[in-house]
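Working through the structure, step by step
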Amino acid sequence: MSDTFDQLGLSPEALDAVRRARFSRPTPIQAQAIPPALQGRDVIGCAATGTGKTAAYVLPLVERFAGREGPLGLVLAPTRELVQQIAGPVGFFGESRGVTHAVVIGGEDMAAQAEALKRKPTLVLATPGRLVDLLDSGVAAFPRLEALVLDEADRMLDMGFLPQLERILKALPRRRQTLLFSATLGPDVSRFAREELNRPVRVEVTRSGTPAERAEQRLYVVKPEEKSALLLTLLARDEATALIFTRTKERADKVYQAVERAGYRCTVLHADRTQNQRNQAMEGFRKGTYRCLVATDIAARGLDVEDVGHVINYDLPHAPEDYVHRIGRTARASASGVASTFVTSKDRQMTERIEKIMRGGIPRVSVPREDPVFRAEVERLQAAQRDPGPPQKDQGAPKKEPGQTPGRHARSHGKGPRSGPTKE
């Protein structure tokens, strides 16, 4: 495996951009995927979140299509946030090379996206649903397409995008390069790859289902009514940024309210939020305006934050593979972090499924029931049950914007946005 970018076959212009991005050496997925991708080969890349997958395909696309009118490359990803994240490295590496791009996602003005496509960008970055809308309306067309990238392919299939993917594939030239990247290679992804890829080079730098190595995992067995007490206890023990996952939108809103009531700067991210609200939540969390982000699995991938110190699984995910993606939000690149998971007696079967795909157990940790914060929250909840008081209108999602004055528990190690792309 190559130890430097100079050994991967990149041009002097690309190497200069890599240096400007402050990439010191290629990650394993970059070292193994970039050379065959530059040669036009199909590639299946399996690597955990945070290992540099984005640059592993963006650099070859920019090299191959520098200065050319398109669309020559199409990048598909499952969520709006991930597509917007991909646009960062594409712009950073592509702008100086004459590689233009258009972003096509739901929740944004479709007429503006149609105009962007008419300008024939070199690369189109899209979510499947919105791209199908533009294909059906006759606005999008790819007669000269040379490369297709499927990022987070397992997630796209998990989310039910197969019909849209099939519609998109019918609109693309059969003779093309296909690069498929996925954190897990389950039966659905393997079947899709067999049907759509041509003699691919397989690059598996981490076995399917492998968690981020530097994430310190902890599992707490709790009663359902103890979850909020445990959450507030963990938040009180340090000042690390916290990404808190729930299974439903309703639960996310309730957990957000509990965290903010305890005095922590918090925001929330789920599918009922408008695109502008989602962008503001992401930006505020990224910049450190908010210490905590409560989210459904919409944020499990494509969350571009450098130093999430603590991922907390308030609820287990719907699918065991999503546990791997969730905890991959911490311990990104060369960082380390903690991943705490709350399980109840009803979660035994899902816990076993998670440990099976990871090929190992999650360390059990005792619940700190004697901690003053834990006891205070339990007592507060008990008192509220005894005397619920007058009915209160549910406040739902937060109304505060990222420009607000930070509250207490400010993050002491916050950083501003980076000038170059992240490694994922």
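Here we come to the packing of aromatic side chains. Scanning the entire structure with this criterion turns up six aromatic pairs. Pairing Tyr 57 with Phe 181 gives two aromatic rings, centres 5.4 Å apart and planes at 45°, and the pair type is tilted. Highlighted residues: Tyr 57 in helix α3 (residues 53–65) and Phe 181 in strand β6 (residues 177–182), separated in sequence by 124 residues. For the pair shown, Tyr 57 and Phe 181 are each scored as buried. Geometrically, the ring pair formed by Tyr 314 and Phe 342 is tilted, given 5.9 Å between the ring centres and 50° between the ring planes. With Tyr 314 in the loop between β12 (310–313) and α13 (320–327) and Phe 342 in strand β13 (residues 337–343), this pair connects stretches of sequence that are 28 residues apart. You'll find Tyr 314 and Phe 342 in the same group, each marked buried. A network of ring pairs unites the aromatic residues Phe 5, Phe 23, Phe 92 and Phe 93 as a single cluster. The cationic tip of Arg 20 hangs over the ring face of Phe 92; the distance from NZ or CZ to the ring centre is 5.4 Å.

All right, on to the nonpolar core then. Of all hydrophobic cores here, the largest spans 43 residues; its most connected members are Tyr 57 and Phe 93. Of all elements in the fold, only α1 (12–20), α2 (28–38), α3, α4 (80–94), β4 (123–126), β5 (147–150) and β6 reach the threshold of two or more residues within this core. Not counting residues up to four positions away in its chain, the partners in contact with Tyr 57 are Val 75, Ile 86, Val 149, Asp 151, Leu 179 and Phe 181. Among the nonpolar cores identified, the runner-up in size contains 34 residues, and Leu 117, Ala 126, Leu 157 and Leu 197 belong to it.

What follows is about the sheet that holds β5. In space, the seven strands of this open sheet follow the order β3-β4-β2-β5-β6-β1-β7, with parallel pairing throughout. The sheet is open, and its two borders are formed by β3 (101–104) and β7 (201–204), each paired with just one other strand. Each neighbouring strand pair of the sheet contributes to a mean axis angle of 10°, computed without reference to strand direction. Relative to β7, strand β1 (residues 43–46) runs parallel, the two being bridged by four bridges. Paired with Ile 44 across the two strands is Arg 202, which belongs to β7. Against the sheet, α4 contacts β2 (73–76), β3 and β4, and its axis sits at roughly 155° relative to β4.

Once that is clear, we can look at unusual backbone geometry. Note on backbone geometry: most residues besides glycine have negative phi, and most peptide bonds are trans. In this chain, Gly 70 is followed by Pro 71 through a cis amide linkage whose omega measures 0°. Looking at the secondary structure, you find Pro 71 in the loop between α3 and β2. The phi angle at Arg 22 is positive, at roughly 65°, despite the residue not being glycine. On the secondary structure map, Arg 22 appears in the loop between α1 and α2. In this structure, Glu 152 takes a positive phi of about 55° despite not being glycine. Mapping Glu 152 onto the fold places it in the loop between β5 and α7 (153–158).

This part is about the pattern of salt bridges. Throughout the structure, instances matching the rule amount to 24 salt bridges. Arg 130 is paired through a salt bridge with Asp 133; the nearest N and O atoms lie 4.0 Å apart. Linking Arg 130 with Asp 133, this pair stays in helix α6 (residues 128–136), spanning three residues, or about one helical turn. Accessibility expressed as a relative area gives 13% for Arg 130, which makes it buried.

Turning to α4, a few remarks are in order. In an α-helix there are 3.6 residues to a turn, and that puts residues three or four apart on one side. Relative to the 21 Å expected for 15 residues at 1.5 Å per residue, α4 spans 20 Å between its end C-alpha atoms, a close match to the ideal helical length. In terms of residue burial, α4 counts as a mostly covered element, since 12 of its 15 residues are buried. Among the residues of α4, Glu 81, Leu 82, Val 83, Gln 85, Ile 86, Ala 87, Pro 89, Val 90, Gly 91, Phe 92, Phe 93 and Gly 94 are the ones counted as buried.

Between α2 and α3, the shortest axis-to-axis distance is 9 Å and the interhelical angle comes to 25°. What the angle tells us is that α2 and α3 run roughly parallel. Viewed along their axes, α2 and α3 form a crossing whose handedness is right-handed. Counted together, Ile 29, Gln 30, Ala 33, Ile 34, Ala 37 and Leu 38 of α2 and Lys 53, Ala 55, Ala 56, Leu 59, Pro 60, Glu 63 and Arg 64 of α3 form the full contact between these two elements.

Between its first and last C-alpha atoms α3 spans 19 Å; for 13 residues at 1.5 Å apiece the expected length is 18 Å, and the two agree. With respect to burial, α3 is a largely interior element, 12 of its 13 residues being buried. All buried positions along α3 are accounted for by Lys 53, Thr 54, Ala 55, Ala 56, Tyr 57, Val 58, Leu 59, Pro 60, Leu 61, Val 62, Glu 63 and Phe 65. Following α3 by one or two positions, Gly 67 adopts a phi angle in the positive range, close to 75°.

Rules behind the numbers
- Residues numbered from 1 in each chain as written.
- Predicted model: local features only at pLDDT ≥ 70, side-chain atom pairs only at ≥ 80, totals over all residues.
- Heavy atoms only, no water.
- Phe/Tyr/Trp six-rings, centres within 6.5 Å; stacked < 30°, edge-to-face > 60°.
- Helix = DSSP H or I, 4+ residues; strand = E, 2+ residues; numbered from the N terminus.
- Buried < 20%, exposed > 50% of the residue type's maximum accessible area, 1.4 Å probe, protein only.
- Lys NZ or Arg CZ within 6 Å of the ring centre and 35° of its normal.
- Core = buried A, V, L, I, M, F, W, Y, C linked by side-chain atoms within 4.5 Å.
- Contact = heavy atoms within 4.5 Å.
- Pairing = 2+ DSSP bridges.
- Axes fitted to C-alpha atoms, helices over the stretch in contact; angles between N-to-C directions.
- Salt bridge = Lys/Arg side-chain N within 4 Å of Asp/Glu carboxyl O.
- Expected span 1.5 Å × (residues − 1).
- Parallel < 35°, antiparallel > 145°, perpendicular 65-115°, else oblique.
- Left-handed = near helix turned anticlockwise from the far one by under 90°.

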